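# Structural description and commentary
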Amino acid sequence: MKITLPPRQGTEPLSLPDGTPAAAPDVLDTPARRAVIIGANGAGKTRFARHLARSLGDKAFTLSIVDALFCRDNGSDVDRIFQASALPAYDKERPQSDLERLQAMIMSDELLNLLNYKFADSKELEPTRLDRLMTLWQTVFPHNRVLVDKGRLAFSTDSAPDTFPAPRLSRGEKAVLYYGAAMLYAPPGAIIFADSPEMFLHPTTIQTLWNALEAMRPDCSILYITHDLEFAASRSGAPIIWVRACDTAASTWDYDVLPPQSGALDDRLYMAILGERRPVLFIEGNQHSIDSRLYPLIFPDRSVKPLGSCNKVIESTRTFNDLRGLHHLSAMGIVDRDRRDDGEVAYLRSKNIMVPEVAEIENMLLLEDVVRAVARAGGRDPDRVFASVKKSVLTMFRHDMRSQAMLHTRHRVKRTMEYRIDARFPNIDALEQHVVDLMREINPRKLYNDFCSRFARMAHDGDYAGVLRVYNQKSMLPGCNVAGLCGLADKDRYVSRVIALLRTPSRAADSIRSAIRNALGAPAE
């Protein structure tokens, strides 16, 4: 197995270690001049990268911010260049870390450039490494400055103009300084191995920094070694070397080389899955939604990924399961029931999408057993609390029955039209007649009246579970006063109490988890 990085004339293919790259082509050429080596902690990705670097000899140039800050005299690639530099021997004894060595070389080269400029016939001063480092610094930190004070690098900010030396920089700022300077000293045409390129850096800084560094050295290629899924996803267009496991005794690896795009999953999502060793559960919502807070505690054996829309959950679950031959994991999804009919629900469940017996996620928190568990944990009478919640929910539903019936009718008409209109018509007259016949068959008014009658029976019979199944109303959770009845200040405190109970093993947690799993029709644990 070989990979060419980059595919330009005179570049020898890079041979990958022994392993089982079943899904990889014989040679992978990428115009991106970069690749990502990714794997879970302990998978062997660092050993994998070291093997590659050794095979390249002097063409490899390894960057490690951990070594740069904390290792002394470690024989690194930066130290090798430092020892071969024009610095006097006594100056080579003082720097104790790679970051200090790089600063010493930068200042020495700046002095030599100024001397050459002074005595050269030509008076055209080319940009120096220090100039390029200053430009990079202000690209990453627009309100900061790099200066020279008494022959040393110094720094200032717009908010605090007093200068300060490099040792007073934060670790993130030291990382930017190290990477910028080190890239300037990488050999021409080098393949740069960036180990944990995201370490110490703020998420808003990482992409800006590495995009600028790639642009700074267009002659070089970069192999990123990371387990940070956000960073891996940011390297769009880069092939992925996914290291799954390593046999250290035999020096072999279980890995795949993946193309930049795989199936219909976008880069960010696909990267978010590669490092996982657990089955995946796709859900609606974002990182801060109730879904994202609740479902990881209901399914602790799964890696829960919020995707936003229900359509994204459905498509991603389908696509991910289609790729089982690549990643050997299984995926399930959860979407809100909303106003789906029994046929739609059955179809989704056949595709590994769980659809709950409640209309939306907020209704999950009003399941009878959940309400009783929270009331009991707060020292309240669960019978009285639930009776009051049920009465309030049914009262609200009676008030909203007709508007809810209208929403269900509109959904049913829309879905039926989408499914039943056939695009193969010989002319516009045929299409028009088909639509007229279809509307007569659907009969929206009859649908609406049927929903009104059905909802009226639910309200009359006190069918609390049935109401939760069909009632989409975000204000129901605060409106039924379940929080106050359980001794809590508001809806948010109620949600937080449910989450807190699930975090600690208890009878209440078991009751809540069981109620939600049953509502989802989840497989047995």
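This text goes with the structure placed above it.
Now for a description of the structure that goes with this document. Note on numbering: residues in each chain are counted from 1, in written sequence order. Totals for whole chains, interfaces and linings use all residues, but because this is a predicted model, local features are given only for residues with pLDDT of at least 70 and pairs of side-chain atoms are given and counted only at 80 or more. In computing side-chain properties, one takes all heavy atoms of the structure into account and sets aside hydrogens as well as water.

## Describing the packing of helix H11 (residues 290-298) against helix H23 (residues 491-503)
- The angle between two axes is taken between their N-to-C directions and runs from 0 to 180 degrees, where each axis is a line fitted to C-alpha atoms and a helix contributes only its stretch in contact. Only DSSP runs of H or I reaching four residues or more are called helices, and only runs of E reaching two or more are called strands; each is numbered from the N terminus. Closest axis-to-axis distance for the H11/H23 pair is 9 Å, and the angle between their directions is 20°. When the axes of H11 and H23 are compared, the pair comes out roughly parallel. For the element pair H11 and H23, the recorded crossing hand is left-handed. Every residue of H23 that contacts H11 at Ile-290, Arg-293, Leu-294, Leu-297 and Ile-298 is listed here: Val-495, Ser-496, Val-498, Ile-499, Leu-502 and Arg-503.
- Its residues assigned to classes, the contact of H11 with H23 comprises 8 nonpolar, 1 polar and 2 charged. Working definition: roughly parallel below 35 degrees, roughly antiparallel above 145 degrees, roughly perpendicular at 65 to 115 degrees, and oblique for all remaining angles. Take the far helix as your reference; a near helix turned counterclockwise from it by less than a right angle gives a left-handed crossing, and one turned clockwise gives a right-handed crossing. We call two residues in contact when some of their heavy atoms are within 4.5 Å. Residue classes follow a fixed rule: Ala, Val, Leu, Ile, Met, Phe, Trp, Tyr, Cys and Pro count as nonpolar, while Asp, Glu, Lys and Arg count as charged, and any other residue, Gly among them, counts as polar.

## Regarding the sheet that holds strand E15 (residues 331-334)
- Only strands joined by at least two bridges in the DSSP assignment are considered to pair. Overall, parallel pairing links the 4 strands, which are arranged E14-E13-E15-E16 in an open sheet. If you trace the sheet from one side to the other, it starts and ends with strand E14 (303-306) and strand E16 (353-354), each paired once.

## Regarding the environment of Ala-166
- Assignment of secondary structure puts Ala-166 in the loop between strand E8 (164-165) and helix H7 (171-185).
- For every residue, the accessible area (1.4 Å probe, protein chains only) is compared with the maximum for its type, and the residue is labelled buried under 20%, exposed over 50%, or partly exposed between those bounds. Taking the relative accessible area as the measure of exposure, Ala-166 reaches 5% and is therefore buried.
- A sequence separation of 63 residues divides Ala-166 from Gln-103, and the C-alpha atoms of the two residues are 9.2 Å apart.
- With near-sequence residues (within four places) excluded, Ala-166 lies in contact with Gln-103, Leu-153, Phe-155, Lys-174 and Leu-177.

## Things to note about the pairing of E14
- Sheet topology note: the strand E13 (residues 280-283)/E14 ladder contains 4 bridges and is parallel. Along E14, the bridge assignment pairs Ile-283 with Pro-306.
- Orient the strands so they point away from the viewer; a crossover is then right-handed if the path from the first strand over the helix to the second runs clockwise. For the crossover that starts at E13, traverses H11 and ends in the parallel E14, the hand is right-handed.

## So, a nonpolar patch on the surface
- Patches in this entry comprise residues that are over 30% relatively accessible and not in a salt bridge; like charges within 9 Å are linked, as are nonpolar side chains (Val, Leu, Ile, Met, Phe, Trp, Tyr) within 5 Å. For every accessible area listed, the method is Shrake-Rupley and the probe measures 1.4 Å; residues are considered covered only by the protein chains on display. In what follows, salt bridge is the name for a side-chain nitrogen of Lys or Arg lying within 4 Å of a carboxyl oxygen of Asp or Glu. Among the surface-exposed residues, Leu-111, Leu-112, Leu-115 and Phe-119 lie close enough to one another that they form a single nonpolar patch of about 410 Å² accessible area.
- Topologically, Leu-115 is positioned in helix H5 (residues 98-119).
- What makes Leu-115 partly exposed here is its relative accessible area of 39%.

By themselves, these figures tell us nothing about what the structure is for.
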